[in-house]
Every structure is written in C-alpha cells, then in structure tokens.
Amino acid sequence: MDLYLLIAPLVAAAWILKSRMQRQRIALLARFLSRHSIEKNMEAVTQGYLRALGETDPARQEQVWGVLRAPEQELCAQITRLASDFSSVAPSIARVSRLPVWVPFSLALFPGFDMREALAVHARGVRCAIESTAAASARDRAYAISAELLLMQHTCHWFCRSKLVASARMLSRHRTSYDQLVSAVLPQTRSEYLALVGG
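Residues numbered from 1 in each chain as written. Predicted model: local features only at pLDDT ≥ 70, side-chain atom pairs only at ≥ 80, totals over all residues. Heavy atoms only, no water.

A. A look at the side chain of S167. Locating S167 in the fold gives a position in helix α9 (residues 163-174). When its relative accessible area of 18% is taken as the criterion, S167 is described as buried. Residues in contact with S167, not counting those within four places in the same chain, are H154 and Y178. (Helix = DSSP H or I, 4+ residues; strand = E, 2+ residues; numbered from the N terminus. Buried < 20%, exposed > 50% of the residue type's maximum accessible area, 1.4 Å probe, protein only. Contact = heavy atoms within 4.5 Å.)

The following block contains the structure:
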C-alpha cells in the first residue's frame, strides 16, 4: 500500500507532464503548418495519383499526370518554406527523443534528433522525388513522392507524440509500416534520415 501511495503520484505527474509537452508541440507545429496548405495539397496530390493510376485510357492518364505537375511544385515549395520557417525554433524545443515511447526527461538522459534538420531532410527528399527523371515510370515516380510525403508525416507525428504512436497511426491510416516507409523513399533521403534519427 505504501508503495502504491508513492508510485501513484509519480505516474500522475508523468502523465500530466507528457500531456502538457504534447499539447505544446502540437500547437507549435500547427502554428507553422497553418501558414501553408501542405495537408490540403498533400491530399490533392495523392488523390490525383490514385485517379491517374485508375485511368485505363493512356492518353487520359497522361493528361492527369500533367495536371498534377503544378500542385506537386506548389507542395514542394510549401514544404521547403516550412523547413525554412521551422529552422527558427529554439534547439531545446526542436529536440525529439529517439526512444519508441515517451519517457520523462529522456532528452536529458539520451541523445535525440533535431526536428529542424529532419524537416530539411524531408524538404530535400520531396524536391528530389518531384524533380527526378530517374523513375522508370510515372507510377514509380508517384510511389517515391508518396513515400517521401508519408515519411515526413510520420516524423511530424513522432515530434508531437512518440515514434510508437506515429508508427501505429501510419499503419492504421495507410496500412504501411515505418520500415516500409523508410525502404520506399529515395536512397539519399533514407541515408540522411537514418543518420539523423538513428537506424
């Protein structure tokens, strides 16, 4: 009983601390995202890919791919601006724990990674995927761009919550595991990303 009386307040304090930190991070990221239309453009681009891939007429499919070029470029520019804007955040606030779950004071005990650098990696990855002419087909190109966008989304959820929550959300919403995402992005992105967050 005495042990319970000692542990219960510690657990409650940790829960309050976690909730407060998560609310602060969500609000911080939302403030930067609100300056752009990244989520809306991501949805438009990914829905456009599905539409193009569903077309049976090659001419019509090519037309849909062509229409998507402008939204892709706009999305790329917005993600680049987001990374640039977020670079002004204080280093102490931008640190993210590499542990799979949230642990109180983990950043003081274990090295984390810098969200500012992660967004810069994602901005470069999205730009390279959009501008690349190395893809064997429009389908492969769309797959690479989608992977880059989803990995960035995973990192944002990781920053706000934890790696475990981000991975569970990705699996639930997109039926894609974290390992699948990392494997699907461009080799340069994968190399830079894993060097940053830890392989």
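Right, picking up where we left off after that structure.
B. Examining a nonpolar patch on the surface more closely. A cluster of nonpolar side chains, V101, V103 and L164, forms an exposed patch at the surface whose accessible area comes to about 220 Å². Relative to the elements of secondary structure, V103 occurs in the loop between β1 (95-97) and α6 (106-109). (Patch = residues over 30% accessible without salt bridge, like charges linked within 9 Å, V, L, I, M, F, W, Y side chains within 5 Å. Areas by Shrake-Rupley, 256 points an atom, 1.4 Å probe, with all protein chains shown as cover. Salt bridge = Lys/Arg side-chain N within 4 Å of Asp/Glu carboxyl O.)

C. Representation of the packing of aromatic side chains within the structure. A full pass over the atoms with the stated rule returns five aromatic pairs. Look at F86 and F159: their rings are 5.8 Å apart centre to centre, the planes differ by 85 degrees, and that puts the pair in the edge-to-face class. Taken as a pair, F86 in helix α4 (residues 69-86) and F159 in helix α8 (residues 138-160) lie far apart in primary sequence, 73 residues in all. Centre to centre, the rings of F113 and W158 are 4.9 Å apart; their planes meet at 75 degrees, and the pair counts as edge-to-face. Of the two residues, F113 is situated in strand β2 (residues 112-114) and W158 in helix α8; the sequence distance between them amounts to 45 residues. (Phe/Tyr/Trp six-rings, centres within 6.5 Å; stacked < 30°, edge-to-face > 60°.)

D. Layout of the packing of helix α3 (residues 58-67) against α4. Following both chains from N to C, one finds α3 and α4 inclined at 30 degrees, their axes separated by 4 Å at the closest point. In terms of orientation, α3 lies roughly parallel with respect to α4. Each of W65, G66 and V67 in α3 lies in contact with α4, whose residues at this interface are R69, A70 and P71. Each residue belonging to the contact of α3 with α4 can be placed in one class, and the counts come to four nonpolar, one polar and one charged. (Axes fitted to C-alpha atoms, helices over the stretch in contact; angles between N-to-C directions. Parallel < 35°, antiparallel > 145°, perpendicular 65-115°, else oblique. Nonpolar A, V, L, I, M, F, W, Y, C, P; charged D, E, K, R; others polar.)

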